[in-house]
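# Geometric and topological summary
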Amino acid sequence: SWRRERRAIWGQLKIPALLGGAALASTIVLAPDIHILPRLGFAVAAFLASASILPLLGRNPLRAPLATWGMVLAHFGIAIALGGMAANAAFTTERLAVAKPGEILNVGPWLVQLQDVTPAAGQNWTAVEAQLKASRGAGPVILKPQTRFFSNPPTETNEAAIETFWNGQLYTVVGKADPSGGWQLRLWWKPFVTLIWAGGALIAFGGALALLGRLWRLRRRREAAAEWRRERYA
């Protein structure tokens, strides 16, 4: 509608552009080693998050149409998801090592101890299952990744054990035994990857609100048209 109304939209985008530039500069100062694409992701996320609330400025938010709220939430959700993608690309930590029972590995802020590796079996597979105890100052978390072997057809798969937190996800995979008596472990800490799912949920919720607002507006138009016809032909 800004084109039809000839509103000065570019002037309203000055503050979001400044915030995006500030986010870009902040990544250069605070995280000089990350690649250019995550930097741009953080900048676009900051720009879009601040620009998404522009339709609510200058009006009573409680009286804004549902379609407007849906648009705001959906665009804000895109910004949140972009921030999660950028954080995942910039700050993911990976550790690949051979560990024996009792040894402790670090990945990101986590200390992960291999406690034991035991056999396991399912309906059509056998497996080796590792028991890992992960901690980072709070209570420990137990994860049990597996390497499964299927006989028909002969297949080997890795079943990762994943623990989700509000600020990221810890991925763990156990591999094959090593001749030294240890086991291959692969660990990832993905900070704020959860924002991708939170952003997706906001996008879906915003889309539902926009659809509901459109249906409500069409219903009111039909009721108004029916009332006009009744009054005209009464």
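Preceding block: the structure.
Described below are features of the structure shown in this document. Every value quoted in this text rests on a predicted model; they were computed, and no experiment measured them.

Parameters at a glance
Residues numbered from 1 in each chain as written. Predicted model: local features only at pLDDT ≥ 70, side-chain atom pairs only at ≥ 80, totals over all residues. Heavy atoms only, no water. Axes fitted to C-alpha atoms, helices over the stretch in contact; angles between N-to-C directions. Helix = DSSP H or I, 4+ residues; strand = E, 2+ residues; numbered from the N terminus. Parallel < 35°, antiparallel > 145°, perpendicular 65-115°, else oblique. Left-handed = near helix turned anticlockwise from the far one by under 90°. Contact = heavy atoms within 4.5 Å. Nonpolar A, V, L, I, M, F, W, Y, C, P; charged D, E, K, R; others polar. Patch = residues over 30% accessible without salt bridge, like charges linked within 9 Å, V, L, I, M, F, W, Y side chains within 5 Å. Areas by Shrake-Rupley, 256 points an atom, 1.4 Å probe, with all protein chains shown as cover. Salt bridge = Lys/Arg side-chain N within 4 Å of Asp/Glu carboxyl O. Buried < 20%, exposed > 50% of the residue type's maximum accessible area, 1.4 Å probe, protein only. Pairing = 2+ DSSP bridges.

Another aspect to go through is the packing of helix α3 (residues 14-30) against helix α4 (residues 36-51). At a minimum axis distance of 8 Å, the contact between α3 and α4 shows a crossing angle of 150°. Between α3 and α4, the crossing angle belongs to the class labelled roughly antiparallel. α4 is crossed by α3, and the crossing has right-handed handedness. Each of Pro-16, Ala-17, Leu-19, Gly-20, Ala-23, Leu-24, Thr-27 and Ile-28 in α3 lies in contact with α4, whose residues at this interface are Arg-39, Phe-42, Ala-43, Ala-46, Phe-47, Ser-50 and Ala-51. Classifying every residue of the contact of α3 with α4 by side-chain character gives eleven nonpolar, three polar and one charged.

A few words on a nonpolar patch on the surface. Side chains of Ile-28, Val-29 and Leu-30 sit close together on the surface and give an oily, nonpolar patch of about 360 Å² of accessible area. Looking at the secondary structure, you find Val-29 in helix α3. A residue is classified by how much of its surface remains accessible, and Val-29, at 64% relative accessible area, is exposed.

Next up on the list: unusual backbone geometry. Cis rather than trans, the peptide bond between Asn-152 and Pro-153 has omega equal to -5°. Of note, Pro-153 is situated in the loop between β6 (146-151) and β7 (154-159). Unlike most non-glycine residues, Phe-192 shows phi in positive territory, near 60°. The class of Phe-192 is partly exposed, set by a relative accessible area of 33%.

Next up on the list: the sheet that holds strand β9 (residues 168-177). Within the open sheet, the four strands sit side by side as β1-β10-β9-β8. Their pairing is antiparallel. Every other strand in the sheet has two partners, leaving β1 (93-99) and β8 (161-165) as the edge strands with one partner each. Going across the sheet, the axis of each strand differs from the next one's by a mean of 15°, ignoring polarity. With seven bridges joining them, β1 and strand β10 (residues 183-191) adopt antiparallel strand pairing. Paired with Thr-93 across the bridge in β10 is Trp-189. Against the sheet, helix α5 (residues 66-91) contacts β1 and β10, and its axis sits at roughly 140° relative to β10.

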